[in-house]
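Here's the letter readout for the chains.
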Amino acid sequence: MNSILSDRILNMEESATLAMAKKARELKSQGVDIIGLSLGEPDFKTPKHIQEAAKAAIDEGKYFAYPPVAGYQDLREAIAKKLREENSIEQAKAENIVISVGAKHSIANTFMCIVNEGDEVVIFSPYWVSYAEIIKLCGGVPVLIEGTLENNFKATAAQLEAAITPKTKAVIYSSPCNPTGSVFSKEELEAIAEVVKKHENMVVIADEIYELINFEGKNYSIGSFPGMFERTITVNGFSKGYAMTGWRVGYICAPLEISKAVEKMQGQFTSGNTGIAQRAALAGITGDQAPSHEMTKAYFKRRALVLDLLRDIPGIKTHVPQGAFYFFPDVTAFFGKSAHGQTVNNADDLCLYLLSVANVSLVTGGAFGAPNCVRLSYAASEEDLVEALKRIKKALGELA
């Protein structure tokens, strides 16, 4: 009997970050002392006032019914207010906001609504692992433009211009970036905006999920620039900046035509996001922001710690990330070397080698469009980071 599974699922790549985390969990369950640096998940607890809001919502007993598909009106209004005041997206209104089950869901909804078979979507690479697979699932064609280590892994407006064809429907980037931690400056985003405005019926998906973990100061939203609100889908959420990964609350801000389409799509797939999670998110965006700032300070301190430790490993080449909580070092110096019966031919091999020899889980850069690199998350305790880098240095030093 032939497989009953669809071509779309058979052709889809598994998420590399989730796959590595799964391997690490399996080894941990067997008693192996694994230090996991593969998942992009804050190691902090959700702030207390957000937890209390969720408890209060349960006690009130009125948030158990199906929520509105696009989200509760007060949360959408609070998000729109935040976007106007903090991101300078002056046109943002509640009607432009759709709450979804995490930013990944928001991105999937968006591509389902704008991409036709054969449409091209330009991706700034290195890129978050799911972009390309979601685009392909929607019948689109991912077109990668690659940033270099020398330019902090940031592709340029000139590269974007060169990649655009009559089939180009959209461009997507993240800033601060997963996996590199790079942040686009105002000038870089303005240049990208000028390119996009030259091309009719082309939109930008700006993934700003790491907005609050930014070591450069102000975060600039391309949707705030003249003429760009009508062309921009801003994606954000509560997972990273509020340590709410498991609560699964993300959102878009988009022109009305797109926000209504996303609401329609969501109505057929998942309906509205969990009512209790939305009440928690409202407390997050309207309440005390000090816990988020404290978390960012901790990440900043960890960045300095890990940077020193990485620079102490011969063969590692890295830039200094400006946000998020990742390092994305070039590891080509180790390709072709062997130890412990294993030969490292690429970043995939190196990650498997470090998992088995050093008991540290990282993610191959190949999953992010950069096969010469690996991603290391420093969303972990300082104690674990020091021990992990000690193990990595030892294991890499044994390769010859």
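Here, every reference points to the structure presented above.
Residues numbered from 1 in each chain as written. Predicted model: local features only at pLDDT ≥ 70, side-chain atom pairs only at ≥ 80, totals over all residues. Heavy atoms only, no water.

### Structural notes on empty space enclosed by the protein
- Enumeration over the complete set of coordinates arrives at three cavities of 30 Å³ or more.
- Approximately 100 Å³ is the volume found for the largest cavity.
- What lines the largest cavity is simply Lys-82, Ile-209, Glu-211, Leu-212, Asn-236, Gly-237, Phe-238, Gly-241, Tyr-242, Tyr-251 and Ile-285.
- Considered as a void within the structure, the second largest cavity measures approximately 80 Å³ in volume.
- Considering the residues around the second largest cavity, the lining is formed by 14 residues, among which Phe-124, Pro-126, Ser-174, Cys-177 and Phe-184 are closest to the centre.
- Breaking the lining of the second largest cavity down by element, the ones donating at least two residues are β3 (120-125) and β5 (168-174).
- Residues of the lining of the second largest cavity, tallied by class, amount to nine nonpolar, four polar and one charged. (1 Å grid on protein atoms, 1.4 Å probe; cavity = no way out; pocket = protein on both sides within 12 Å on 5 of 7 lines; lining within 4 Å. Points joined across faces, edges and corners; volume = space filled by probe spheres on them. Helix = DSSP H or I, 4+ residues; strand = E, 2+ residues; numbered from the N terminus. Nonpolar A, V, L, I, M, F, W, Y, C, P; charged D, E, K, R; others polar.)

### Looking at the sheet that holds β5
- If you walk across this open sheet you meet the seven strands as β2-β8-β7-β6-β5-β3-β4, and the pairing is mixed. Each having just a single partner strand, β2 (97-100) and β4 (141-146) make up the two edges of the open sheet. Going from strand to strand, the sheet's axes swing by 20 degrees on average, the running direction of each strand aside.
- Of the pairings in the sheet, the one linking β5 to strand β6 (residues 203-207) comprises five bridges and is parallel in character. Directly across from Ala-170, in β6, lies its bridge partner Val-203.
- In the packing of helix α4 (residues 73-86) onto the sheet, contacts are made with β2, β7 (232-237) and β8 (250-253), and the angle to β2 comes to roughly 115 degrees. (Pairing = 2+ DSSP bridges. Axes fitted to C-alpha atoms, helices over the stretch in contact; angles between N-to-C directions. Contact = heavy atoms within 4.5 Å.)

### Side note on the layout of surface pockets
- The calculated volume of the largest pocket comes to roughly 780 Å³.
- Sorting the residues of the lining of the largest pocket by element identifies α2 (16-29), α5 (103-114), α6 (130-137), β4, α9 (256-269), α12 (347-357) and β13 (363-364) as the ones contributing at least two each.
- A total of six residues in the lining of the largest pocket trace back to one element, the largest contributor, which is α6.
- Split into classes, the residues belonging to the lining of the largest pocket amount to 21 nonpolar, seven polar and seven charged.
- Computed from the structure, the second largest pocket encloses a volume of approximately 470 Å³.
- Lining the second largest pocket are 24 residues; nearest its centre among them are Gly-40, Lys-104, Trp-128, Lys-240 and Arg-248.

### So, the nonpolar core
- The biggest cluster of nonpolar side chains holds 81 residues, and the ones touching the most others in it are Leu-37, Phe-111, Leu-350, Leu-354, Leu-362, Tyr-378 and Leu-396.
- Setting aside anything within four residues of it in sequence, one finds Leu-362 in contact with Met-20, Leu-37, Ser-38, Cys-351, Leu-354, Val-374, Arg-375, Leu-376 and Ile-392.
- Listed in part, the 27 residues of the second largest apolar core include Ile-50, Leu-83, Phe-229 and Ala-280. (Core = buried A, V, L, I, M, F, W, Y, C linked by side-chain atoms within 4.5 Å. Buried < 20%, exposed > 50% of the residue type's maximum accessible area, 1.4 Å probe, protein only.)

### Examining the sheet that holds strand β9 (residues 326-327)
- Strand order across the open sheet formed by three strands is β9-β14-β13, with antiparallel pairing between neighbours. The strands lining the two open edges of the sheet, one partner per strand, are β9 and β13.
- Relative to strand β14 (residues 374-377), β13 runs antiparallel, the two being bridged by two bridges. Note on β14: the bridge partner recorded for Val-363 is Arg-375.

### Concerning the packing of α5 against α6
- At a minimum axis separation of 9 Å, α5 and α6 run at an interaxial angle of 35 degrees. Here the hand of the crossing between α5 and α6 comes out right-handed. On α6, the residues that touch Lys-104, Ile-107, Ala-108 and Phe-111 of α5 are Ser-130, Tyr-131, Ile-134 and Ile-135.
- Class assignment for the residues of the contact of α5 with α6 results in six nonpolar, one polar and one charged. (Left-handed = near helix turned anticlockwise from the far one by under 90°.)

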